[in-house]
Amino acid sequence: MKLNDLQTPWTLARRAQKMNPSVLREILKVAERPGIVSFAGGLPSPATFPVAEFADACARVLRDDGRAALQYAASEGYEPLREAVAALLPWNVEPGQVLITTGSQQGLDLVAKVLIDAGSRVLVETPTYLGALQAFAPMEPAVEGVASDAEGVDVEAFSARADAARFLYVLPNFQNPTGRTMSEARRAALVERAAALGVPLVEDNPYGDLWFEAPPPLPLTARNPQGCIYLGSFSKVLAPGLRLGYLVAPPAVAPKLLQAKQAADLHAPSFNQRVVAEVMKDGFLQRHVPTIRALYRAQRDAMLAALSREMAGLDVTWNVPDGGMFLWARLPRGMDARSLLPEAVERGVAFVPGAPFFAGETDPRALRLSFVTATAEQIDRGIALLAATIREHRGR
Ligand code: PMP
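Small disclaimer: the values here were computed from a predicted structure and weren't measured.

A. Region of interest: the sheet that holds strand β8 (residues 201-204). Within the open sheet, the seven strands sit side by side as β2-β10-β9-β8-β7-β3-β4. Their pairing is mixed. Two strands in the sheet have a free side with no partner beyond their single neighbour: β2 (98-101) and β4 (142-146). The mean angle between the axes of side-by-side strands here comes to 20°, regardless of whether they run parallel or antiparallel. Inspection of the sheet shows strand β9 (residues 228-233) paired to strand β10 (residues 245-248) by four bridges, in the antiparallel sense. The partner of Tyr-230 across the bridge, within β10, is Val-248. On the sheet, helix α5 (residues 103-115) packs against β2, β7 (165-170), β8, β9 and β10 and is oriented at approximately 155° with respect to β9.

What follows is the structure, given as structure tokens:
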């Protein structure tokens, strides 16, 4: 049931009116029908989850530290995990600056609570992560999309909108939904301009470790830690079901984010935090993450090859992501991804229309394709079905 259709005698908070059913969830329900090749999901490949390592680590945590692992704990997070996170980040971070969150999605919620009043101006990329728009919406901001190109946010367009903006939300690496990466030059220019204008940057980086050929340029936060909040996640490098992420914020806001975290859930699950610290103890991530990169890179290559083969002569364009899980495509002129979707599902393939990812004016031709959960054989079949759908739609 859609919340906005809810007939209720209750008087709901104004913010509840701002909460919308996730468009993606509705689409995913269809995509989960048996026999459908789905490029719609935002899920990591379960083939990458280190189940055996977790089984061992859980047993060790329960054996060695069971009572503490099952007890309430500090809101900041489990100290050895904070140390491990600080050691992973490519700039000088003290463990005391790391706040362990219940997924980076909670980081977005905390940022929204601490920085947004009703009517506050909040800037986002065009397009941007839908889950961030959902996290911000209950705080009733005026969200504005900043013009962006293949290199990321347009710095002049950002400057033009900077006045009284509470922050700019950016995903520099293998962005969800476009898969694009912000260039070195753009990062340097954006950080410098944001500092000059006094606009904080909220940097979301769940995909940065999943590069295919070469690591991406340094994070924005590494260039100006006092002007940025950095959000990271274990969801894409270990497993999303753990619901563990982290944030690093400057002293100007860190205590408020901690208080918001206390109010939200007291602390992230202590057991999960200890298990992750245990799994990571002897450099496991350094051995594990390369296997995810290799798998996702092969999957991306399979999708690129299938697109080149099947879309020939169809006026469909797409980018070549250098990492992450998503590829961004554009349908032929005059076509709308939302109206194409039911026809595609009818044929047996699903994708996510791009429109919900835009804060302002949308691009109806855009669509997001995940290349990580389908097999290479399914990718071939699914892209062929998508091409057939486009061909038939165009013929009408
Ligand atoms: N940010 C982005 C850009 C994402 O794609 C996701 C997951 N889809 C999240 C944040 C939330 O991730 P999690 O809460 O699992 O860390």
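B. Up close: the domain arrangement of the chain. For the chain, the domain assignment lists domain 1 (14-49 + 286-395) and domain 2 (71-282). One C-alpha centre belongs to domain 1, the other to domain 2; they are set 25 Å apart. Taken together, the contact pairs 36 residues of domain 1 with 35 residues of domain 2. Of the roughly 2,900 Å² buried where domain 1 meets domain 2, counting both sides, 62% is carbon and sulfur surface. The partner of Glu-213 in a salt bridge is Arg-300, with the nearest N and O atoms 3.0 Å apart. Counting every contact that joins domain 1 to domain 2 gives 11 residue pairs in polar contact (both at pLDDT 80 or more). A per-class count over the side of domain 1 that touches domain 2 returns 18 nonpolar, nine polar and nine charged.

C. The arrangement of the pattern of salt bridges in detail. In total, this model carries 26 salt bridges according to the counting rule given. With a closest N to O distance of 3.6 Å, Arg-297 and Glu-213 form a salt bridge. Of this pair, Arg-297 sits in helix α12 (residues 284-310) while Glu-213 sits in the loop between β8 and α9 (220-223); the two residues are 84 residues apart in sequence, bridging distant segments of the chain. One network of salt bridges, with partners in common, ties together Glu-213, Arg-297, Arg-300 and Asp-301.

D. A look at the sheet that holds strand β15 (residues 366-370). Read from one edge of the open sheet, four strands run β11-β12-β15-β14, paired in antiparallel fashion. Pairing within the sheet leaves two strands with one partner each, and these edge strands are β11 (317-318) and β14 (352-353). Pairing analysis gives five bridges linking strand β12 (residues 326-330) to β15, with the strands arranged antiparallel. Looking at the pairing, Trp-328 lines up with Arg-368 of β15.

E. Quick peek at the site of the ligand. The local shell around the ligand holds 13 residues, among which Asp-204, Tyr-207, Ser-233, Ser-235 and Arg-243 are the closest. Between the ligand and Ser-235, the relevant distance is 2.5 Å, taken from an oxygen atom to a side-chain nitrogen or oxygen of the residue. Measuring from an oxygen atom of the ligand, one finds a side-chain N or O atom of Arg-243 at 2.7 Å. Here the shell around the ligand gets three residues from one element, more than from any other, and that element is α5. The residue makeup of the shell around the ligand, split by class, is four nonpolar, six polar and three charged.

F. Up close: the environment of Arg-193. With respect to the helices and strands, Arg-193 occurs in helix α8 (residues 184-197). Once the C-alpha coordinates of Arg-193 and Ser-159 are considered, the two residues, 34 residues apart in sequence, prove to be 7.4 Å apart. Setting aside residues no more than four positions away along its own chain, Arg-193 makes contact with Val-155, Glu-156, Phe-158 and Ser-159.

G. Main features of the pairing of β12. β12 sits mainly inside the fold: four of its five residues count as buried. Here β11 runs beside β12; their pairing, made up of two bridges, is antiparallel. Within β12, the position partnered with Thr-317 by the bridge is Arg-330.

H. Molecular detail of the side chain of Arg-293. Within the fold, Arg-293 resides in helix α12. Among buried charged residues, Arg-293 stands out as having no salt bridge; its nearest opposite-charge side chain is Asp-209, 4.8 Å away. Those residues in contact with Arg-293 that sit more than four places away from it in its chain are Asp-209, Leu-210, Trp-211 and Phe-212.

I. Examining helix α4 (residues 79-88) more closely. Burial in α4 covers these residues: Leu-81, Arg-82, Val-85 and Ala-86. The arc enclosing the buried residues of α4, seen along the axis, measures out at 140°, which places them on a common side. Considering only its buried residues, α4 is in contact with β2, β10 and α11 (270-280).

Cut-offs used in this document
Residues numbered from 1 in each chain as written. Predicted model: local features only at pLDDT ≥ 70, side-chain atom pairs only at ≥ 80, totals over all residues. Heavy atoms only, no water. Pairing = 2+ DSSP bridges. Helix = DSSP H or I, 4+ residues; strand = E, 2+ residues; numbered from the N terminus. Axes fitted to C-alpha atoms, helices over the stretch in contact; angles between N-to-C directions. Contact = heavy atoms within 4.5 Å. Domains from an automatic or database assignment. Buried area = accessible area lost by both parts, 1.4 Å probe. Salt bridge = Lys/Arg side-chain N within 4 Å of Asp/Glu carboxyl O. Polar contact = N/O pair within 3.5 Å; in protein donor to acceptor, adjacent residues only side chain to side chain. Nonpolar A, V, L, I, M, F, W, Y, C, P; charged D, E, K, R; others polar. Near = heavy atom within 4 Å. Buried < 20%, exposed > 50% of the residue type's maximum accessible area, 1.4 Å probe, protein only. Lys, Arg positive; Asp, Glu negative; His and termini not counted. Arc of directions from axis to C-beta.

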